[in-house]
Amino acid sequence: MKNTKFLETGSGTGYYGLLILLGAFILAGLSSFFYMEHNGHWVTGMTNQIVWGAPHVFAIFLIVAASGALNIASIGTVFGKQMYQPLGRMSALLAIALLIGGLTVLVLDLGRPDRLIVAMTHYNFKSIFAWNIILYNGFIALVALYIWTMLDPNPAVKQFYKLAGFAAFVWRLILTTGTGSIFGWLVARQAYDAAVLAPMFIVMSFSFGLAVFILVMFATYTWTGRPLGDAVVRRLKNLLGVFIAGVLYFVAVHHLTNLYATKLHGIESFFLRDGGGFTQAFWIGQIIIGSLLPLGLLYCRMTRNSRVWIGIASALVIFGGFVQLYVLLIGGQAYPLTLFPGYEVSSSFADGVINSYSPSLPELVLGVSGIAVAMAMMTVGMRVLRLAPVSLADEVIDPHHSK
Amino acid sequence: MKQFKQLLAVTMLALTLSVPALAAEGRTPLPSVPAAKGGQCVEDTADMRRNHMNYLKHQRDATMRQGIRTEKHSLKACLECHAPIEEASSASAGKSEGHFCMNCHEYAGVKLDCFECHATKPESNAQFHPLVSSSSVSFKSVEKADSAELLNNLAATSEDNIGAAHE
Amino acid sequence: MQPMNEQMQPDRARREFFSRSAAAAGVMLAPGVVLYGVAQAKPADEPVTSKVRWGMLVDTSKCNTDCNACVDACNAEHGLGNEKHSREDQRSQYIRKVELKHKATGMTHSLPVMCQHCETPPCVDVCPTGASFKRADGIVLVDRHICIGCRYCMMACPYKARSFVHEELTDQKPHTPRGKGCVESCTMCVHRIDEGREPACVEACAANGSRAIIFGDLNDPDSEISQQLKNYASSEIRADLGLNTGVRYQGL
């Protein structure tokens, strides 16, 4: 770490071209927001039964990935692993960028986004949502401080490096617990209402955050032509494999536990067997494509050393993450609330029926623009700050590399 | 600072409104503030101009959270006197042009949030504020009016009448 | 706040005339309202207290499948249904009729479901700004001045009682302000209760002849509703959640 050289990424047609592309997506997202806010949510696919839709899937993915992206920096600072330390600056900025992207989508989807100041000044401290607002803002501030301790060579600042790293690490664990608890603390809905959702979200954040980091790292080092050694890639891909397995474990525990409760058989068969699109999404999208396939690609002898395949595996993990959140968020709302156990129910307000949802274009565009915001922040951040190491080649960064 | 700015804005407004003769010369646009029913407001005019937002905000919390429904500062009661009593058209140059609140707020450039939720006109069988005399009540023509249309018409009307003296 | 200016006091005679004629109009205009067990309206300038807890009791055996009087009355009272663009599943409903058929025994029920005005409402717990709140007298409301439209309360409500306004609205009723981007639900006709009247659904049900819904003060042991709850079996929907709802049901 002491001897690693960091340098801003260069500018050129590629840099500006990327910014223009991302800017186009951001502009599209803003137009979607104006359209949705001006007309009201009737232009979206969200209804009184499915109240959180595509924008929330994107927002929660970005927020969860944000906290996980900080993992690399934490492993370097808090756990002292030398190989991760040069990656710490990029990791920290990625965390902030993803969080801001996610929050952008979340805030712009509010029914009254003009009341954001109200949200920042009126707090109901029994609400985990209110705590999350505080946690998100604190996270941005804390990680910014952390980056400062990493960037500034002044010893008066550097002495706080470990403390800042530790504080950021603890804060993000609380934050992700909070994000998981947004769902975990909902007693009303059978798909949520589970303590396991909080730790599950933490492991999900490890997995999604690392997958995004790997892709960002690949893109940065390929497009700037800087060397990226196999040692780093191998370490990160093994770590990703462990995290994917962790997520699978929590998903399995969640469903197995629910299956034991007779009253939850309805919702479990909805997710696992009878839910049509949701069942397919769960098994094929989340489990096979999103977890088992990347796990295979990362460990199978033929593909595990190929950067292309590792990149594909990371992309599949990200895809699987979106599907997982889609199944959890939308599927959890699609299944009707059980007000009268043992009865068939019908009413004029969609009691007793599986609710349907199809996302509208403005919602999807808004969601994608959140990703664009995050990537734009990363692009500009690495250009103006010394975040990316000049070289990640084996001989430079691997402490065990034989000379 | 905020108080000072409010005072300044209100003073400017008060000055422009109280010198119609000068304005009729044509250079300074004025808001056309429709006359209200009843002899006088629940508070002094100058006081109201400065503080109506505070009264309303305090009242709304008292009503909402504690169920205190005194009429003095209630928005619903304000509308009983200050709501337009005729459907406005650009031809009508009578006493009620425009929506009382919207006209002034558009002039001052202060966006109103209230009427996204609150009705812009009182209900036809509302109990009237004691200050309203029975002779000035006539709501039949308003019953059918669509508030949004009313507001749009009246916004157009107020633009037509910029510069006209406040009757 | 300026102290009240003595010279601005309205003419006493005018005030008395108006309040008397309004009272007379109220009595004439309200058909078939049965006023047992309803506490007298508190004075307008006093805050509500927790001495009173308002509740409703639904006797499902008196409720007909074909009757929608409560729903129609509620929609009319609050000006619901004035959404021009929203799809069917985006329109607000404060109260709905639910038809039940037991899967094992075949027994059927018909009953209205609205906000249950829980004693420990999950919607109040989860609201980030505190816009969803419970008044001292037990009525659960949305303070639409600070609602940011996040819809978390809609996720949290075990009874799916809340609706979101999906478009710009006009022609609201003055006593029920409602607008785009805020969440809303049954207010137990709080504007009526504060005047000493009953909720619109209760009134309509009584006018219809069924009198399946009654309203009253749960804290008053002599009120009709308290007597009914004491002497005949009743239940809460989703009683296992332990929310101690203000709305209870007989015959389920």
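Quick caveat: nothing in here was measured; it's all calculated off a predicted structure.

The rules behind these values
- Residues numbered from 1 in each chain as written.
- Chains lettered and ligands numbered in written order.
- Predicted model: local features only at pLDDT ≥ 70, side-chain atom pairs only at ≥ 80, totals over all residues.
- Helix = DSSP H or I, 4+ residues; strand = E, 2+ residues; numbered from the N terminus.
- Buried ≥ 20, exposed ≤ 12 C-beta atoms within 10 Å, placed from the backbone.
- Contact = placed C-beta atoms within 7 Å.
- Bend = angle between axes of the 7 residues up to and from the residue.
- Pairing = 2+ DSSP bridges.
- Axes fitted to C-alpha atoms, helices over the stretch in contact; angles between N-to-C directions.
- Parallel < 35°, antiparallel > 145°, perpendicular 65-115°, else oblique.
- Left-handed = near helix turned anticlockwise from the far one by under 90°.
- Nonpolar A, V, L, I, M, F, W, Y, C, P; charged D, E, K, R; others polar.
- Core = buried A, V, L, I, M, F, W, Y, C linked by C-beta atoms within 7 Å.
- pLDDT = per-residue confidence, 0-100.

1. Brief notes about the overall build of chain A
For step 1, the next point in the chain: From N to C terminus, chain A includes 15 helices and three strands.
For step 2, the next point in the chain: Taken over 403 residues, chain A has a buried fraction of 53%.
For step 3, the next point in the chain: Sequence-distant contacts in chain A: of pairs separated by 6 or more residues, those separated by 24 or more amount to 79%.

2. Some points on the overall build of chain C
For step 1, the next point in the chain: Of the regular secondary structure elements, chain C holds seven helices and nine strands.
For step 2, the next point in the chain: Within chain C, the fraction of its 252 residues that count as buried is 48%.
For step 3, the next point in the chain: Here the analysis covers contacts within chain C between residues at least 6 apart in sequence; of these, 65% occur between residues at least 24 apart.

3. Some details on helix H12 (residues 277–299) of chain A
All names here are of chain A.
For step 1, the next point in the chain: Of all the bends in H12, the largest measures some 40° and sits at Ile 288.
For step 2, the next point in the chain: Of all the residues in H12, the buried ones are Phe 278, Ala 281, Phe 282, Gly 285, Gln 286, Gly 290, Ser 291, Pro 294, Leu 297 and Leu 298.
For step 3, the next point in the chain: Its buried side turned inward, H12 meets helix H10 (230–260), helix H11 (265–274) and helix H13 (307–334).

4. As for the sheet that holds strand S2 (residues 96–102) of chain C
For step 1, the next point in the chain: Spatially, the three strands line up as an open sheet ordered S2(A)-S2(C)-S3(C), and their pairing is antiparallel. The sheet is open, and its two borders are formed by strand S2 (343–347) of chain A together with strand S3 (108–113) of chain C, each paired with just one other strand. Recorded for the sheet is a direction-independent mean angle of 25° between the axes of neighbouring strands.
For step 2, the next point in the chain: The sheet contact formed by S2 of chain A and S2 of chain C spans five bridges and is antiparallel. Bridge pairing in S2 of chain C links Ser 347 of chain A to Val 98 of chain C.

5. Section: the packing of helix H2 (residues 69–78) of chain C against helix H6 (residues 200–208) of chain C
Residues and elements named next belong to chain C.
For step 1, the next point in the chain: In contact at an axis separation of 8 Å, H2 and H6 are set at 135° when each is read in the N-to-C sense. Considering their axes alone, H2 and H6 lie oblique with respect to each other. When you trace H2 past H6, the crossing you get is right-handed. Residues Ala 69, Cys 70, Ala 73, Cys 74 and Glu 77 of H2 form the contact with H6, whose participating residues are Ala 200, Cys 201, Glu 203, Ala 204, Cys 205 and Asn 208.
For step 2, the next point in the chain: Counted by class, the contact of H2 with H6 contains eight nonpolar, one polar and two charged residues.

6. Remarks on the nonpolar core
For step 1, the next point in the chain: Counting 203 residues, the largest nonpolar core has Leu 94 and Leu 98 of chain A as the members making the most contacts within it.
For step 2, the next point in the chain: With 17 residues, helix H9 (residues 197–223) of chain A is the single largest residue contributor to this core.
For step 3, the next point in the chain: Beyond its immediate chain neighbours, meaning those up to four positions away, Leu 98 of chain A contacts Leu 62, Ala 65, Ala 66, Ala 69, Val 212 and Ala 374 of chain A.
For step 4, the next point in the chain: With 10 residues, the next largest nonpolar core counts Leu 79, Cys 81, Ala 83 and Cys 101 of chain B among its residues.

7. A word on the confidence of the model for chain A
For step 1, the next point in the chain: When pLDDT is averaged across chain A, the result is 94; 99% of the residues are at 70 or more.
For step 2, the next point in the chain: Across chain A, the element-wise mean pLDDT spans from 81 in helix H15 (residues 394–397) of chain A up to 97 in helix H2 (residues 54–69) of chain A.

8. A few points about unusual backbone geometry
All names here are of chain C.
For step 1, the next point in the chain: Notably, Arg 211 is not glycine yet its phi reads approximately 50°, a positive angle.
For step 2, the next point in the chain: On the secondary structure map, Arg 211 appears in the loop between H6 and strand S8 (213–217).
For step 3, the next point in the chain: A count of 14 C-beta atoms within 10 Å places Arg 211 in the partly exposed class.
For step 4, the next point in the chain: Although it is not a glycine, Asn 244 sits at a positive phi angle of roughly 50°.
For step 5, the next point in the chain: Relative to the helices and strands, Asn 244 is located in the loop between helix H7 (224–231) and strand S9 (247–250).

9. Observations concerning the interface of chain C and chain A
For step 1, the next point in the chain: Taken together, the contact pairs 47 residues of chain C with 39 residues of chain A.
For step 2, the next point in the chain: Of all the secondary-structure elements, those providing two or more residues to the side of chain C that touches chain A are S2, helix H3 (122–126), helix H4 (152–156) and strand S6 (163–164) of chain C.
For step 3, the next point in the chain: The element best represented in the side of chain C that touches chain A is S2 of chain C, accounting for seven residues.
For step 4, the next point in the chain: Grouping the amino acids of the side of chain C that touches chain A by side-chain chemistry returns 22 nonpolar, 11 polar and 14 charged.

10. Section: the sheet that holds S8 of chain C
Residues and elements named next belong to chain C.
For step 1, the next point in the chain: Overall, mixed pairing links the three strands, which are arranged S8-S1-S9 in an open sheet. Among the strands making up the open sheet, the edge pair consists of S8 and S9. Ignoring strand direction, the axes of neighbouring strands in this sheet form an average angle of 25°.
For step 2, the next point in the chain: By the bridge criterion, four bridges tie strand S1 (residues 54–59) to S9 in an arrangement that is parallel. Along S9, the bridge assignment pairs Leu 57 with Arg 248.
For step 3, the next point in the chain: Strand contacts of H7: S1, S8 and S9, with the helix running at about 110° to S8, the strand carrying the most contacts.

11. Some thoughts on the pairing of S2 of chain C
Residue and element names in this part refer to chain C.
For step 1, the next point in the chain: With six bridges joining them, S2 and S3 adopt antiparallel strand pairing. Across the sheet, the residue bridging to Lys 101 is Thr 108, located in S3.
For step 2, the next point in the chain: Between the antiparallel neighbours S2 and S3 lie five residues, among them Gly 106 with a positive phi of about 85°.

12. Here's the deal with the confidence of the model for chain C
Residues and elements named next belong to chain C.
For step 1, the next point in the chain: Here chain C averages 88 in pLDDT, while 84% of its residues score no lower than 70.
For step 2, the next point in the chain: In this model residues 29–39 is a low-confidence stretch, pLDDT under 50, and it forms 19 contacts with partners more than four residues away in sequence or in other chains.
For step 3, the next point in the chain: Listed scores for the predicted complex are pTM 0.85 and ipTM 0.92.

13. A closer look at the environment of Thr 9 of chain A
Residues and elements named next belong to chain A.
For step 1, the next point in the chain: Summarising the element assignment, Thr 9 is placed in the loop between strand S1 (6–7) and helix H1 (13–39).
For step 2, the next point in the chain: A residue is classified by how many C-beta atoms lie within 10 Å of it, and Thr 9, with 22 of them, is buried.
For step 3, the next point in the chain: Each C-alpha atom of the pair Thr 9 and Phe 129 lies 38 Å from the other, and the pair is 120 residues apart in sequence.

14. Considerations on the environment of Gln 250 of chain C
Residues and elements named next belong to chain C.
For step 1, the next point in the chain: Residue placement: Gln 250 occurs in strand S9.
For step 2, the next point in the chain: With 18 C-beta atoms packed within 10 Å, Gln 250 lands in the partly exposed category.
For step 3, the next point in the chain: With 182 residues separating them in the primary sequence, Gln 250 and Asn 68 have C-alpha atoms 19 Å apart.
For step 4, the next point in the chain: Sequence-distant contacts of Gln 250, that is, excluding residues within four places in its chain, are made with Leu 57, Val 58, Asp 59, Thr 60, Tyr 232, Ala 233 and Ser 234.

15. Points about the packing of helix H4 (residues 88–108) of chain A against H9 of chain A
All names here are of chain A.
For step 1, the next point in the chain: Between H4 and H9, whose axes approach to 11 Å, the crossing angle comes to 115°. The orientation of H4 relative to H9 falls into the category roughly perpendicular. Handedness of the crossing formed by H4 with H9: right-handed. The residues of H9 that touch H4, namely those facing Ser 91, Leu 94 and Leu 98, are Val 212, Phe 213 and Val 216.
For step 2, the next point in the chain: Taken together, the residues of the contact of H4 with H9 break down into five nonpolar, one polar and no charged.

16. Here's the deal with the environment of Val 247 of chain A
Residues and elements named next belong to chain A.
For step 1, the next point in the chain: Position of Val 247 relative to the elements: it lies in helix H10.
For step 2, the next point in the chain: In this structure the C-alpha to C-alpha distance between Val 247 and Ser 291, which are 44 residues apart in sequence, comes to 8.4 Å.
For step 3, the next point in the chain: Each residue touching Val 247, except ones within four places of it in the same chain, is listed here: Val 203, Met 204, Ser 207 and Ser 291.

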